[in-house]
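# Analysis of the macromolecular model
Chain by chain, the residues run as shown.
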Amino acid sequence: MALLQISEPGQSTVPHQHKLAVGIDLGTTNSLVATVRSGKADTLVDEFDRDIMPSVVSYSEAGIQVGEKAKALSIQDPLNTIASVKRFMGRGYADIEKLGEQIHYEFIDIDSPAPKIKTRSGNFTATETSSEILKSLKKRATDTLGDELVGAVITVPAYFDDAQRQATKDAAQLAELNVLRLLNEPTAAAVAYGLDSGTEGVIAVYDLGGGTF
């Protein structure tokens, strides 16, 4: 079954060559993974029938928790529970400092290009923490679809610079997930509504994100 076909212009595959891939919205507040079946986008759910997963990673005493389990630990263990890690992707400490009250974690290696967050389980960059979110989404996809993925299209904010985009690719690599393409979030919204299929007129696309607008 063709779930999501990714091909360069003029290089479309024949039906028996279609490859299994997914789309991932790696959000600041929440994330999700989706695929296309019978021409319709379909978000993939967890064992509790939830498609949205909080973008939270907790380095708890019981090990690494991601999503709802991590979010539940955010109040009682805030220093070891990392939320909105997307804000730190591809950023040096000088940029992170500008976030002010949003920062309550302890950072080390602040003079390095990728400062690390200190936790009970070790010290991790934003890229390493983001990879845990991608690992969980990848597992959800393979468990649901019953096969290994060729790769994923991952959405990123339109304002992401080269360093932030590279950090996203690096996080996917740590999660052993092949990035087929990075797609700007507003562009993804437009494509989802078929605005690339020849519709004429002036169309405004608003990205009402949980972390960025």
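Just above, that's the structure.
Parameters at a glance
Residues numbered from 1 in each chain as written. Predicted model: local features only at pLDDT ≥ 70, side-chain atom pairs only at ≥ 80, totals over all residues. Heavy atoms only, no water. Helix = DSSP H or I, 4+ residues; strand = E, 2+ residues; numbered from the N terminus. Contact = heavy atoms within 4.5 Å. Areas by Shrake-Rupley, 256 points an atom, 1.4 Å probe, with all protein chains shown as cover. Pairing = 2+ DSSP bridges. 1 Å grid on protein atoms, 1.4 Å probe; cavity = no way out; pocket = protein on both sides within 12 Å on 5 of 7 lines; lining within 4 Å. Points joined across faces, edges and corners; volume = space filled by probe spheres on them. Nonpolar A, V, L, I, M, F, W, Y, C, P; charged D, E, K, R; others polar. Expected span 1.5 Å × (residues − 1). Polar contact = N/O pair within 3.5 Å; in protein donor to acceptor, adjacent residues only side chain to side chain. Salt bridge = Lys/Arg side-chain N within 4 Å of Asp/Glu carboxyl O. Buried < 20%, exposed > 50% of the residue type's maximum accessible area, 1.4 Å probe, protein only.

For the rest of this paragraph, the subject is the overall build of the protein chain. Each helix and strand counted, the protein chain has 5 helices and 12 strands in total. Partitioning the contacts of the protein chain with sequence separation of at least 6, the portion at a separation of at least 24 is 57%. Working note: accessible area of the protein chain is about 12200 Å², and carbon and sulfur atoms make up 50% of it.

Here the focus is the sheet that holds strand β8 (residues 107-108). The antiparallel open sheet is built from 3 strands, whose spatial order is β8-β9-β10. Of all the strands in the sheet, just β8 and β10 (122-125) have a single pairing partner and so form its edges. Here 2 bridges tie β8 to strand β9 (residues 116-119), and the two strands are oriented antiparallel to one another. Within β9, the residue paired with Ile108 across the bridge is Lys116.

For the coordinates displayed, the defined rule picks out 1 cavity of 30 Å³ or more. In this structure, the largest cavity spans a volume of roughly 70 Å³. Lining the largest cavity, in full, are Leu26, Gly27, Ser55, Val85, Lys86, Met89, Ser130, Ile133, Thr155, Val156, Phe160 and Thr168. Of the residues assigned to the lining of the largest cavity, the class counts are 6 nonpolar, 5 polar and 1 charged.

For the rest of this paragraph, the subject is the pairing of strand β2 (residues 30-37). Relative to β2, strand β1 (residues 21-26) runs antiparallel, the two being bridged by 4 bridges. Its bridge partner being in β2, Gly23 is matched across the sheet by Ala34. Once β1 ends, the chain turns through 3 residues before running back antiparallel as β2. Sheet topology note: the β2/strand β4 (residues 53-54) ladder contains 2 bridges and is antiparallel. Residue pairing across strands places Asn30 opposite Pro54, the latter belonging to β4. Note that β2 and strand β3 (residues 40-43) share 4 bridges and pair antiparallel. Paired with Arg37 across the bridge in β3 is Lys40. The antiparallel hairpin formed by β2 and β3 contains 2 residues in its connecting segment, where Ser38 sits at a positive phi of about 55°.

Okay, helix α4 (residues 162-174) next. An α-helix turns once every 3.6 residues. As a result, residues three or four positions apart point the same way. Along its 13 residues, α4 runs 18 Å from first to last C-alpha, staying within 8% of the 18 Å computed at 1.5 Å per residue. Contacts made by the buried residues of α4 are with β1, α3 (126-145), β11 (151-156) and β12 (179-184). Between a side-chain oxygen at the N-terminus of α4 and the backbone nitrogen of Ala163 the separation is 3.1 Å; the capping residue is Asp161. One or two positions beyond α4, positive phi appears at Glu176, with a value near 55°.

With that settled, the discussion passes to the pattern of salt bridges. Evaluation of the coordinates by the stated rule reveals 10 salt bridges. A salt bridge links Arg37 to Asp42; the nearest nitrogen and oxygen atoms lie 2.6 Å apart. Judged by its relative accessible area of 29%, Asp42 is partly exposed. Arg50 serves as the salt-bridge partner of Asp46, at 3.0 Å between the closest nitrogen and oxygen. Among the charged side chains, a salt-bridge network with shared partners connects Arg91, Asp95, Lys98 and Asp161.

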